[in-house]
Amino acid sequence: MKIKDLHALLLNFPKVCTDTRKLAKNDIFFALKGENYNGNAFAKQAVTDGAKYAVIDEAEYQTSEQYLLVENVLETLQALATYHRTYLNVPIIALTGSNGKTTTKELINATLSQHYKTTATVGNLNNHIGVALTLLSMTKQTEIGIVEMGANHLREIAFLCAIAKPDYGYITNFGKAHLEGFGGVEGVIKGKTELYNYLKKNDKLIFVNGNDPKQQTLSQGGNVYSFGKTNDSEVIIQFIEAQPFVTCEFDGHRIQTHLIGEYNFSNISSAICIANYFEVSAENIKKGLESYTPKNNRSQIIKKAGVKIILDAYNANPTSMTAALTNFDQLKDHYKIAILGDMFELGNEAKTEHQSITNLASDLNIDEIILVGENFYKTESVSQKTTKFKSFEALKQDFKIPSNKKTTLLIKGSRGMALERLLDVL
């Protein structure tokens, strides 16, 4: 089946699904394949459960006109997404980076949606499937699309740009994330900069953090619209404080967010910059930012069992871990305990990076440090205030909060550590 013909069906039945567990009536089901499953085998169930069509790539599963046979389901999904994006001609903002992508995407959406009908990546569905699904979720009512792009190896961002064809782009930062796949920090920078390269080549606009020399250097030669603290930038934003929530000032408006840590200032600033470019009023920018509350274990403030908890357990890498600890060090709280879980996907750098974080935590104004996971367990403790546990189960059995102190907990670790389980222990 040709993409043009498949798109004609999409216009009549605009909901796409790749998981029969989330299927709704009249969806178009795409039978994707994975390492341990064959979506074609679920096509019959999808149609039985109400799918209008099932897109398959194995002829033996085609038993009626509701089964649409293509050469490759994944490639068809991606090609259809690009065709749909071109058909709608919606301005697309793409963003990537090592840390803060999802939070930044949510903030951009929160500000732009005060003035425009937006469609943004749901959650962190930012890979070669998620980007396609985001594009396919856009409608004729969408005025601006916001597409988050994730990557763990070179040429992945370039591939996602070929699918989404962004008109605007922003890179949150370059950090020590996915070092195993990128082959080191220089690989991370090269991989993320593929977004800049696409925008330059196609004469599109780059949003840049003017406070970041690396970003300024790598965006040279492109069309740039920047934010910063000085008059060198198009948009000037001043940081005020983060105790613990970030407060900043823009265009005479004091903005009190629900985001903790100075490290979130650049994420907030990028949303202000982009919304300002699209002529959202300062009042609506303030309204959008102050209405946003983080969730899904990202920089959440929770109070439980008489303890204040900074829950930042969605993910971690050396850069984000350093930022979280530095922020925790600056908080003027009474008794501070940092519970840190292993950082994944660091490859040969795992030993060095875990030791560096252990050393850093020991040097900071933190009363107790609890390290969890096999990598942290192998580090050399340089302080008596440090306790190590090889696994979460070991921590769970011996976890105690001082009952006579006003305590603040920082919980930070990679997704695989699932340290949010500590909330149940409390």
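These numbers come from a predicted model, not from an experiment.

About the thresholds
- Residues numbered from 1 in each chain as written.
- Predicted model: local features only at pLDDT ≥ 70, side-chain atom pairs only at ≥ 80, totals over all residues.
- Heavy atoms only, no water.
- 1 Å grid on protein atoms, 1.4 Å probe; cavity = no way out; pocket = protein on both sides within 12 Å on 5 of 7 lines; lining within 4 Å.
- Points joined across faces, edges and corners; volume = space filled by probe spheres on them.
- Helix = DSSP H or I, 4+ residues; strand = E, 2+ residues; numbered from the N terminus.
- UniProt positions renumbered as here; feature names shortened; annotations may be inferred.
- Buried < 20%, exposed > 50% of the residue type's maximum accessible area, 1.4 Å probe, protein only.
- Contact = heavy atoms within 4.5 Å.
- Salt bridge = Lys/Arg side-chain N within 4 Å of Asp/Glu carboxyl O.

## Regarding the layout of surface pockets
Counted as a void, the largest pocket has a volume near 1,300 Å³. Forming the boundary of the largest pocket are 50 residues, of which S98, N99, G100, K101 and N317 lie nearest the centre. Elements supplying a minimum of two residues to the lining of the largest pocket: α4 (101-112), α11 (265-277) and α13 (318-330). In this structure, the second largest pocket spans a volume of roughly 930 Å³. Along the wall of the second largest pocket there are 28 residues; nearest its centre are C17, T18, D19, K22 and L133. At the level of secondary structure, the elements contributing two or more residues to the lining of the second largest pocket comprise β1 (16-17) and α5 (130-136).

## Thoughts on the UniProt feature "binding site: ATP" (unreviewed entry) in the protein chain
As recorded in UniProt, the feature "binding site: ATP" (unreviewed entry) lies at G97, S98, N99, G100, K101, T102 and T103. Considered against the largest pocket, the annotated residues that line it turn out to be S98, N99, G100, K101, T102 and T103. By relative accessible area, S98 is classed as buried at 9%. The residues contacting S98, other than those within four sequence positions of it, are T172, N173, F174, G175, A177, V188, K192 and N317. For T103, the position within the fold is in helix α4. Other than its neighbours up to four places away in sequence, T103 contacts L259, N264, N267 and R298.

## Looking at the environment of I236
Along the chain, I236 turns up in strand β11 (residues 235-242). Along the primary structure I236 and S226 are separated by ten residues, whereas in three dimensions their C-alpha atoms are 8.9 Å apart. I236 has contacts with G228, K229, T230, N231, E249 and F250, leaving out every residue within four places of it along the chain.

## Details of the UniProt feature "domain: Mur ligase C-terminal" (unreviewed entry) in the protein chain
Within the UniProt annotation, "domain: Mur ligase C-terminal" (unreviewed entry) is assigned to residues 298-414. Counted over residues 298-414, helix gives 32% and strand 28%. Its end C-alpha atoms are 12 Å apart.

## Here we look at the pattern of salt bridges
It is possible for side chains of opposite charge to pair when their charged atoms get near one another. Counted according to the given criterion, the structure contains eleven salt bridges. D312 is the partner of K412 in a salt bridge, and the nearest nitrogen-oxygen pair spans 3.2 Å. With K412 in strand β19 (residues 407-412) and D312 in strand β15 (residues 307-312), this pair connects stretches of sequence that are 100 residues apart. Of the residues examined, K412 reaches a relative accessible area of 3% and is grouped as buried. Here R415 and E420 are joined by a salt bridge, their closest N and O atoms 2.8 Å apart. When its relative accessible area of 30% is taken as the criterion, R415 is described as partly exposed. Within the structure, one salt-bridge network assembled from shared partners comprises K33, D57 and E58.

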